[in-house]
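Residue-level structure breakdown
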Amino acid sequence: MKEAAVQQEPSYLEAPYGLASWLLTKDHKRIAILYLISITIFFAIGGTFAAMLRAELVTPQGDLLTADLYNKVFTLHGVVMIFFFLIPSIPATLGNFFMPIMIGAKDLAFPRINLLSWYIYVLGAALTLTVVMLGGVDTGWTFYAPYSSIASNTNVTLAAVGVFITGFSSILTGFNFIVTVHRMRAPGMTWFRLPLFVWANYATSLVMILGTPVVAITILMVAAERALHLGIFDPRIGGDPVLFQHLFWFYSHPAVYIMILPGMGVISEMVANVSRKQIFGYSFVAFSSLAIAVIGFLVWGHHMFVTGQSIYAGLVFSIITMLVAVPSAVKTFNWTATMYKGSISWDSPLFWVLGFMGLFLIGGLTGLFLGTMGLDVHLHDTYFVVAHFHYIMVGGGVMAFLGGLHFYWPKMTGRMYNETLAKIASMLVFFGFNLTFFPQFILGYMGMPRRYHGYPPEFQVLNVMSTGGAMVLGVGYTLILLYLLYSIIKGPKAPMNPWGATGLEWKIQSPPITHNFHETPVVTEDAYDYIHAPAPQRGGEE
Amino acid sequence: MSQTVSTTKTHPKLQPHFYSMEQQLEASTLGMWVFLVTEVMFFGGLFMAYIVYRNMYPHAWVEASAELNWRLGGLNTLVLIGSSLTMALSVRAAMLGQKKGQLINLSLTILLGCVFLVVKFFEYKAKFEHHLVPGPDFNPALEQGMQIFFSLYFMMTGIHAAHMIIGIVMMTIILVMAAKDSFNAEYYTPVEVAGLYWHFVDIVWIFLFPLLYLLGRHGA
């Protein structure tokens, strides 16, 4: 049969061996793996900082970390998790790996630039780790001027340069994706046959190329102010620090959508698969990604309700913030409608999908609380905000990333992991997460401010619960790392299409060959044609 | 199965993940346009700061602008417009496969780029001599807001000059490629793409010149 001949060609993992063949690769799949390894390391580093924060907060007295050290630890936690884990997480790994395959291309449009983006990421990461070695930075991940530009005597300049450089890796990824979607689609792969994961990554790429340069120049201005005295935000010479906040949030609010949009794309793929149904309202889900990307650029002022910006500007920002909830809700309703009367499979992907939807829902709804101007005056800079964005970024973003990793793992590595352990881990993560962050909503509502190493004793019970949850979460993440690594060595071989999913990526061998396809595919059907999808075939079940 | 696989597949410059030379050229030019969009946003942050502070300190900005040498700035504007012309002629020569035209025009482009930087160097030097460089050495007698003008002046022109240097390096590489007969009617992508970049850097200067040098000059 043809199958046998197909298996002769070595997969991308086996093609040429050796360290050099990996470090100089132009194959988008190998670059995705390089990114996956790097972001896993940074997730562990950022997680360690988080563990230090939670350990400090077990007791009301600031006894474990001094106030200065605590400032540095939460700054590094934020910088590492946002710039080195969340932003590249899905686009640079799953996006890099699957986007070209999903559209029927042999590679991204610019393979060398793709590799360059990884090296730029590594360079920025090395600078940031140098900052850690030299004693850290204490401005918060937001680098607010004038504290960052004239007051702080930690390594702000170096950290700013590190973030500036890493920004370019994100720009290059976004730029590569946009050109690839426009110019590299296979014959018959029209825009409305694209899988929703591609739409989501396309929308993310728009945010990356339009937003990231603005934060790059803003951070550069802070670095220039420190290093060269080019005072632009310095109040002593008449500068306006609020301008920094405007420029910073012009990127950093849309950056939230860089973190969540690709996750929404992953969930769209998975929800159709676990329901074995055509996704409900394909074009609505596709356009809601673009709507989120566009509206997301017009809401940055909601971070600044208490900075003294015009109350009328605040009013407009508040209204537009509410509008973002519309496309987000469109997605959530469409996912649930997809599941309705679907033939739900009890496989591990389902657990991640449901976990994502629950956590994203809470995160999204609490965002409306914060977008309400009057309420925000009370909740601003409290743990309510911390809980809200962790529900979106960790509850939504990381849950979708892990879900996607589990869903695509057989295709990426050619191995199956242990289903039972995966279900247990997803439950640990879900409940651990809620235990960690739900108490923080209450703490914030009661008025506990963020970014302090001590707190009044009446807040202790909830803080202990939160730290306990963080430990469960830590166990869950570690378990995932262990059984996924184990599966690479000892896992049973994965078949071509273990979940019975649709899409070009499931019609090629696991793991794919270097050029993905033996011959250029011609697409003749819409996405998610589950009526004609093959049944799941799980290979060697453990 | 795959009818779109073009017969030009044998062309040595076709990378294996593209079907045809047309697809490769289209992808590269679209890529450069997308990159230029990011550049617009990058400079956009600076222009935003410019708008805010000019609005805040209108008088100080006219005063500060008067300290700049508009003759040198104007000269540099002409130099860059000239380099855009030679750049466009290089692309044309590459498309027609005229080696001599490519070599002359690319060399002229590089030369004009260097002239721009030399003029810029003398302008910067004058600012240091007149205590107009922000920092502890800045003339304290000057009006509030003028120091921010000069901070932005150095940021904007400095980043622009950095782009010029990158452009000159790029053109030198292209010149070497042209000398090795790399370009012809079928393959001139690098010249085309580098040309787009060069024109963009020129256009940034076309905006910077009046915004920085010509405030309050009308009717004088």
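Computed from a prediction, not measured in an experiment: that's the story for all the values here.

With respect to the overall build of chain B
What chain B contains, in helices and strands, is six helices and zero strands. In chain B, the order of α-helices and β-strands from amino to carboxyl end is α-α-α-α-α-α. Burial status across chain B gives 36% buried among its 220 residues. Counting only contacts in chain B whose residues sit at least 6 apart along the sequence, the fraction spanning at least 24 positions is 76%.

Considering the overall build of chain A
From N to C terminus, chain A includes 16 helices and zero strands. Taking 24 Å as the expected radius of gyration for a compact globule of 542 residues, we find that chain A reaches 23 Å, a close match to that expectation. When its C-alpha atoms are laid out on the principal axes, chain A stretches across 75 × 45 × 45 Å. Within chain A, the fraction of its 542 residues that count as buried is 56%. Taking all contacts inside chain A whose residues are at least 6 apart in sequence as the whole, residues at least 24 apart take part in 86%.

Side note on the environment of A:Phe83
With respect to the element layout, A:Phe83 can be found in helix 4 (residues 67-102). Beyond its immediate sequence surroundings of up to four residues, A:Phe83 is in contact with A:Val163 and A:Thr166.

Focus: the nonpolar core
In terms of nonpolar packing, the biggest core is built from 230 residues, with A:Ile103 and B:Leu152 touching the most fellow members. A total of 22 residues in this core trace back to one element, the largest contributor, which is helix 8 (residues 196-228) of chain A. Those residues within four positions of A:Ile103 in sequence are excluded, and the remaining contacts are A:Val181, A:Met184, A:Arg185, A:Ala186, A:Met189, A:Leu194 and A:Val198.

Some thoughts on the confidence of the model for chain B
Residue and element names in this part refer to chain B. Per-residue pLDDT for chain B averages 90, and the proportion of residues at 70 or more is 95%. Of the regions scoring below 50 in pLDDT, residues 1-9 engages in 16 contacts with residues more than four places distant in sequence or in other chains. Here the prediction assigns the complex a pTM of 0.93, and the interface score ipTM is 0.89.

So, unusual backbone geometry
For the bond running from A:Ala145 to A:Pro146, omega is 0°, close enough to zero to count as cis. In this fold, A:Pro146 is placed in the loop between helix 5 (111-133) and helix 6 (147-151). In this structure, A:Pro511 follows A:Ser510 across a cis peptide bond, with omega equal to -15°. Looking at where A:Pro511 falls in the secondary structure, it is placed in the segment after helix 16 (460-490). With phi around 50°, A:Phe143 is a residue other than glycine that occupies positive phi space. Following the sequence through the fold, A:Phe143 ends up in the loop between helix 5 and helix 6. The class of A:Phe143 is buried, set by 25 C-beta atoms lying within 10 Å. The phi torsion at B:His131 lies on the positive side, around 55°, for a residue other than glycine. Within the secondary structure, B:His131 is located in the loop between helix 4 (99-129) and helix 5 (146-179). Exposure remark for B:His131: the 13 C-beta atoms within 10 Å place this residue in the partly exposed category.

Concerning the packing of helix 7 (residues 156-183) of chain A against helix 8 of chain A
Residues and elements named next belong to chain A. Look at helix 7 against helix 8: their axes get within 7 Å of each other, and the N-to-C directions meet at 155°. The angle between the axes of helix 7 and helix 8 places the two elements in the roughly antiparallel class. As for how helix 7 packs across helix 8, the hand of that crossing is left-handed. Residue composition of the contact of helix 7 with helix 8, by class: 22 nonpolar, eight polar and one charged.

Section: the interface of chain A and chain B
Every contact between the two is made by 35 residues of chain A and, on the other side, 34 residues of chain B. Looking at the side of chain A that touches chain B, the elements with two or more residues in it are helix 7, helix 8 and helix 9 (241-275) of chain A. With nine residues, the top contributor of residues to the side of chain A that touches chain B is helix 8 of chain A. Looking at the side of chain A that touches chain B residue by residue, the class counts come to 23 nonpolar, seven polar and five charged.

A few points about helix 3 (residues 70-96) of chain B
Residue and element names in this part refer to chain B. Here helix 3 is 27 residues long and its end C-alpha atoms lie 39 Å apart, about the 39 Å a rise of 1.5 Å per residue gives. Turning to helix 3, its buried residues are Gly 73, Asn 76, Val 79, Leu 80, Ser 83, Thr 86, Met 87, Ser 90, Val 91, Ala 93 and Ala 94. Buried residues in helix 3 make contact with helix 4, helix 5 and helix 6 (189-213).

So, the confidence of the model for chain A
Low-pLDDT stretches of the model should not have their predicted coordinates read in fine detail. Averaged over all residues, the pLDDT of chain A is 92; the fraction at 70 or higher stands at 98%. In this model, residues 1-6 of chain A is a region of pLDDT below 50 whose contacts with residues beyond four sequence positions or in other chains number two contacts.

Side note on the environment of A:Ser38
Residues and elements named next belong to chain A. Structurally, the position occupied by Ser 38 is in helix 3 (residues 28-56). Remark: the alpha-carbon pair of Ser 38 and Asp 376, spanning 338 residues in sequence, is separated by 37 Å. Every residue in contact with Ser 38, bar those within four places of it in the chain, is listed here: Tyr 121, Val 122 and Ala 125.

What about the packing of helix 4 of chain A against helix 9 of chain A?
Residue and element names in this part refer to chain A. Between helix 4 and helix 9, the shortest axis-to-axis distance is 8 Å and the interhelical angle comes to 35°. Of the two possible hands of crossing, helix 4 and helix 9 adopt the one that is left-handed. In this structure, helix 4 uses Leu 86, Ile 87, Ile 90, Pro 91, Leu 94 and Gly 95 to contact helix 9, whose residues at the interface are Ala 255, Ile 258, Met 259, Pro 262, Gly 263 and Val 266. Looking at the contact of helix 4 with helix 9 residue by residue, the classes come out as 10 nonpolar, two polar and no charged.

So, the environment of B:Phe154
Tracing the backbone through its elements, the reader meets B:Phe154 in helix 5. When the C-alpha positions of B:Phe154 and B:His218 are compared, they lie 24 Å apart, and in sequence the two are 64 residues distant.

Parameters at a glance
Residues numbered from 1 in each chain as written. Chains lettered and ligands numbered in written order. Predicted model: local features only at pLDDT ≥ 70, side-chain atom pairs only at ≥ 80, totals over all residues. Helix = DSSP H or I, 4+ residues; strand = E, 2+ residues; numbered from the N terminus. Buried ≥ 20, exposed ≤ 12 C-beta atoms within 10 Å, placed from the backbone. Contact = placed C-beta atoms within 7 Å. Rg over C-alpha atoms; globule rule 2.2 N^0.38 Å. Core = buried A, V, L, I, M, F, W, Y, C linked by C-beta atoms within 7 Å. pLDDT = per-residue confidence, 0-100. Axes fitted to C-alpha atoms, helices over the stretch in contact; angles between N-to-C directions. Parallel < 35°, antiparallel > 145°, perpendicular 65-115°, else oblique. Left-handed = near helix turned anticlockwise from the far one by under 90°. Nonpolar A, V, L, I, M, F, W, Y, C, P; charged D, E, K, R; others polar. Expected span 1.5 Å × (residues − 1).

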